[in-house]
Amino acid sequence: MTALRVDGLFKVFGRHPDQAVDRLRAGASADDIRASGATPAVIDVSLAVEPGEIFVVMGLSGSGKSTLIRTLNGLLEPTAGTVHVGDDEITALSGKRLREVRQRRISMVFQHFALLPHRSVVENAAYALEVRGVDRRTRLAAANEALALVGLEGQADKRPDQLSGGMQQRVGLARALASEADVLLMDEAFSALDPLIRREMQDQLLELQARLGKTIVFITHDLNEAMRLGDRIAIMRDGRLVRLGTPESILANPGDEYVERFLADVDRSRVFSAGDVMVPTSTVSVDVTPETALAALRERGASALTVVDGEGHLVGVVTGADLLSSSGDVAAAVRPPAARVTPSTSLADLLAPAGASEAPVVVVDESGRPCGLVDSRAVLAALAGSASDGRPPAGSVGDRADQLEGSRG
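Values in this document were obtained by computation on a predicted structure and should not be read as measured data.

## With respect to the pattern of salt bridges
Under the defined criterion, the tally for this structure stands at 17 salt bridges. Linking E188 and K65 is a salt bridge whose minimum nitrogen-to-oxygen distance equals 3.9 Å. One end of the pair, E188, is in the loop between β7 (183-187) and α9 (195-212); the other, K65, is in helix α3 (residues 65-72), and 123 residues separate them in sequence. A salt bridge links D203 to R228, with the nearest nitrogen and oxygen atoms 2.2 Å apart. One end of the pair, D203, is in helix α9; the other, R228, is in helix α10 (residues 223-229), with 25 residues separating them in the sequence. Within this structure, D87, D88, R97, E100, R105 and D182 form a network of salt bridges that share partners.

Right, dumping it as structure tokens:
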């Protein structure tokens, strides 16, 4: 079951909203509707968020992203369409039942912290549980545990105005975690912070996600933030969802001119990783003959092989030129790799080693066994976006990104 699902969602403000939805469904543009005195903020949006996913919704001001997130917890009633959180249809609920679902299944982290200034840090973190009716001892214990998760041990008795902006936002995040909600909605949660603190909060969120596996819908107008945090990204324009996919797939295949322009300034080195650009490697044992290793190279059509010991552990790499100049011993031809990295290593961290050595970088799996090779040309091609049509060359980032998008749903 999806954690959150949106089907055919419309939100129109102003005059005759139902008529506006009918006209939009019939093909009218947003400008047509605005000319008639109504404002379409969300137009026919459908999407599904999987459990444990960070799903980022991004767009420029006025794109509809903040209106969308407010329909997800019932703060705004859609003009048409449905929203499901798990098996609860938010759009069919009202009154007490809607409040119960908000309190137990959805938690919100706001841009401007939304802390109660007259309450202590721990009381702010416990507030959602207090509203739910949880006894004081239990809610304070949960709040202190959440504060520890976000690095605020020892701050429980302070007032919000005694904390920095970044620390105040951590209190807001702790409040959401203490509620144990199924879905966290984060509306421009880090945009009020200065760049350094913002980066620290992004790191914090990724660390927490790795430990807790929450389902998060994160709204931002910052492209690099979206690319860094999102498992998948939905890009909105003028109320409509215009692109949905993994960061890698969107960068590799923008889909239209608007998205391509939108992506022009993204830091590709922080989005793509070694796993996106690596070429699967063939391995040979250190005790094979150079002739056997050369045959493996030709069969693979590769420029290098990884060499392993009898237990499959990496010894080094070997190229065709190394083998041809070898004096009858593969071990003598082996050279160290430029670096040993994991598939998640960013291209930014590959630039220096890949450019400083003629040997390729070796990508190793969780057990330390080689699974791929990366050379400097692959890194540069990914950073450049490569071919003249803006797509990476066949067999590199574009193909890998499509595989990733399909595997993540």
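## Things to note about the nonpolar core
M186, F218 and M227 are the most contacted members of the largest nonpolar core, which totals 64 residues. Sort the elements by how many residues they give to this core and helix α8 (residues 165-178) lands first, with six residues. The residue makeup of this core includes at least three contributed by each of domain 1 (4-105 + 181-266) and domain 2 (274-408). Residues V6, V49, F55 and V57 belong to the second largest nonpolar core, which totals 25 residues.

## Looking at the environment of E180
When you line up the elements, E180 lands in the loop between α8 and β7. When its relative accessible area of 61% is taken as the criterion, E180 is described as exposed. For the pair E180 and A192, spaced 12 residues apart in the sequence, the C-alpha separation amounts to 25 Å.

## Observations regarding the UniProt feature "domain: ABC transporter" (unreviewed entry) in the chain
The UniProt entry lists residues 4-263 under the feature "domain: ABC transporter" (unreviewed entry), expressed in the numbering used here. Secondary structure content for residues 4-263 is 42% helix and 24% strand, and the end C-alpha separation is 27 Å.

## Remarks on unusual backbone geometry
Glycine aside, residues mostly have negative phi, and peptide bonds are mostly found in the trans state. Despite not being glycine, H16 shows a phi value in the positive range, around 45°. Considering the arrangement of structural elements, one finds H16 in the loop between β1 (4-14) and α1 (17-25). Here the phi dihedral of D238 falls at roughly 55°; this positive angle occurs in a residue that is not glycine. With respect to the helices and strands, D238 occurs in the loop between β9 (232-237) and β10 (240-245).

## Considerations on the sheet that holds β7
Read from one edge to the other, the open sheet built from six strands follows the order β6-β7-β8-β3-β9-β10, with strand pairing classed as mixed. Among the strands making up the open sheet, the edge pair consists of β6 (106-109) and β10. Neighbour to neighbour, the strand axes of the sheet diverge by 20° on average, direction disregarded. Across five bridges, the pairing between strand β3 (residues 54-58) and strand β8 (residues 215-220) is parallel. Bridge assignment links I54 to a residue of β8, and that residue is I216.

## Topic: the side chain of K214
As for its placement among the helices and strands, K214 is situated in the loop between α9 and β8. Buried charge without a partner: K214 forms no salt bridge, and the closest opposite charge is D182, 6.7 Å away. Contact partners of K214, with chain neighbours within four places excluded, come to G52, E53, L177, E180, A181, L184 and Q209.

## What to know about the pairing of β10
Across five bridges, the pairing between β9 and β10 is antiparallel. Paired with M236 across the strands is L241, a residue of β10. Linking two consecutive strands that pair antiparallel, namely β9 and β10, is a turn of two residues; a positive phi of about 55° is found at D238 within it.

## Quick notes on the sheet that holds strand β4 (residues 80-85)
Sheet architecture is open: four strands sit in the order β2-β1-β4-β5, paired in antiparallel fashion. Two strands close off the open sheet at either side, each with one partner strand: β2 (38-49) and β5 (88-89). As paired elements, β1 and β4 share five bridges and run antiparallel to each other. Across the sheet, the residue bridging to V6 is V83, located in β4. Its contacts with the sheet place α1 against β1, β2 and β4, and it is angled at close to 120° to β1.

About the criteria used
- Residues numbered from 1 in each chain as written.
- Predicted model: local features only at pLDDT ≥ 70, side-chain atom pairs only at ≥ 80, totals over all residues.
- Heavy atoms only, no water.
- Salt bridge = Lys/Arg side-chain N within 4 Å of Asp/Glu carboxyl O.
- Helix = DSSP H or I, 4+ residues; strand = E, 2+ residues; numbered from the N terminus.
- Core = buried A, V, L, I, M, F, W, Y, C linked by side-chain atoms within 4.5 Å.
- Buried < 20%, exposed > 50% of the residue type's maximum accessible area, 1.4 Å probe, protein only.
- Domains from an automatic or database assignment.
- UniProt positions renumbered as here; feature names shortened; annotations may be inferred.
- Pairing = 2+ DSSP bridges.
- Axes fitted to C-alpha atoms, helices over the stretch in contact; angles between N-to-C directions.
- Lys, Arg positive; Asp, Glu negative; His and termini not counted.
- Contact = heavy atoms within 4.5 Å.

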